[in-house]
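What follows is each chain in one-letter form.
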Amino acid sequence: MMSVSTSGSTRREGAVTEIAPVEVTVLVPAEPSDVFGFLTEPDRYVRWMGSEADLEPVPGGVYRVRMADGFSAAGRFLAVEPPHLVVFSWGFADDEAASRTKHAGGEPGGAGAGAGMGAGAGAGSGASAMPAGSTRVTMTLLDEDGGTRLTLRHENLPSESLREGHDVAWNTYLPRLAVRAAGGDPGPDPHA
């Protein structure tokens, strides 16, 4: 294999197939400072995703969200710059969480089952498919027309099936955030 130097790093051609990040953008009819609270305050976070949240929005602080069905994601906050940037690591909190992934139709499946938050192992089974803190989620909030353009980028997903599952999930949950931040009711959580 040939080594190629880019930006001072060396990588081996053909050794790794890079999985494209998930990127989702929504327009939220609320100011960035209001939307920011839905990403950093536990009582507001669970209004659009999850049933419990343990959030310490400082670099190195805890990020843990549990869904009503037992699925949990865990990591650490990596960067917090109010009201425009939130970055945290993300992964299956444990084997129990990995077993609570969903099929595309919302049926329980287990790691590797199919689309849904955390679905599709591909790179192992249980929490080893995507350990807590092993991926990176960046949320950027920009002022736009009296509201917020929220862009989420989820990187370092270890398999195409996990990428597809998180694409479906973030495209389900971020519109829920937009509805909630506008004062509406997004309906029942898909993981309930």
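Since the structure is predicted, the reported quantities are computational estimates derived from the model, not experimental observations.

A. Structural detail: the nonpolar core. Counting 39 residues, the largest nonpolar core has Trp48, Met49, Met139 and Trp170 as its most contacted members. Listing elements by their share of this core, those giving two or more residues are β3 (22–28), α1 (32–40), β5 (62–66), β6 (72–81), β7 (85–90), β8 (135–144), β9 (147–155) and α4 (160–181). Per-element tally for this core: the top contributor is α4, with 7 residues.

B. The arrangement of the confidence of the model for the protein in detail. Per-residue confidence for the protein averages 82 on the pLDDT scale, and 74% of its residues sit at or above 70. Note that pLDDT drops below 50 for residues 1–12; the model gives that stretch 13 contacts with residues more than four away or on any other chain. Confidence drops under pLDDT 50 across residues 118–124; counting only partners more than four residues distant or on other chains, this segment forms 31 contacts.

C. View of the pairing of β5. With 4 bridges connecting them, strand β4 (residues 52–55) and β5 associate as antiparallel partners. Across the sheet, residue Glu52 finds its bridge partner in β5, namely Arg66. Connecting β4 to the antiparallel partner β5 that follows it, the hairpin turn spans 6 residues, and Gly60 within it adopts a positive phi of roughly 90°. Relative to β6, β5 runs antiparallel, the two sharing 5 bridges. Residue Val65 lies in a different strand from β6, and its bridge partner there is Ala73. Hairpin connection, β5 to β6: the antiparallel pair is bridged by 5 residues, and Gly70 has positive phi, about 105°.

D. Layout of the packing of aromatic side chains. In this structure the tally under the stated criterion is 9 aromatic pairs. Between the aromatic rings of Phe77 and Phe88, the centroid separation amounts to 6.1 Å while the plane-to-plane angle is 65°, which identifies the pairing as edge-to-face. Placement of Phe77 in strand β6 and of Phe88 in strand β7 is noted, with a sequence separation of 11 residues between them. This pair shows no difference in class: Phe77 is buried, exactly as Phe88 is. On the basis of an interplanar angle of 50° and a centroid distance of 5.2 Å, the ring pair of Trp90 and Trp170 is categorised as tilted. With Trp90 in strand β7 and Trp170 in helix α4, the pair connects residues that are 80 residues apart, well separated along the chain. Overall, Trp170 belongs to the buried group, its relative accessible area being 0%. In this structure an aromatic cluster arises from ring pairing among Tyr45, Trp48, Tyr63, Phe77, Phe88, Trp90 and Trp170. Arg44 extends its terminal NZ or CZ atom over the ring of Phe38, reaching a point 4.1 Å from the ring centre.

Cut-offs and rules
Residues numbered from 1 in each chain as written. Predicted model: local features only at pLDDT ≥ 70, side-chain atom pairs only at ≥ 80, totals over all residues. Heavy atoms only, no water. Core = buried A, V, L, I, M, F, W, Y, C linked by side-chain atoms within 4.5 Å. Buried < 20%, exposed > 50% of the residue type's maximum accessible area, 1.4 Å probe, protein only. Helix = DSSP H or I, 4+ residues; strand = E, 2+ residues; numbered from the N terminus. pLDDT = per-residue confidence, 0-100. Contact = heavy atoms within 4.5 Å. Pairing = 2+ DSSP bridges. Phe/Tyr/Trp six-rings, centres within 6.5 Å; stacked < 30°, edge-to-face > 60°. Lys NZ or Arg CZ within 6 Å of the ring centre and 35° of its normal.

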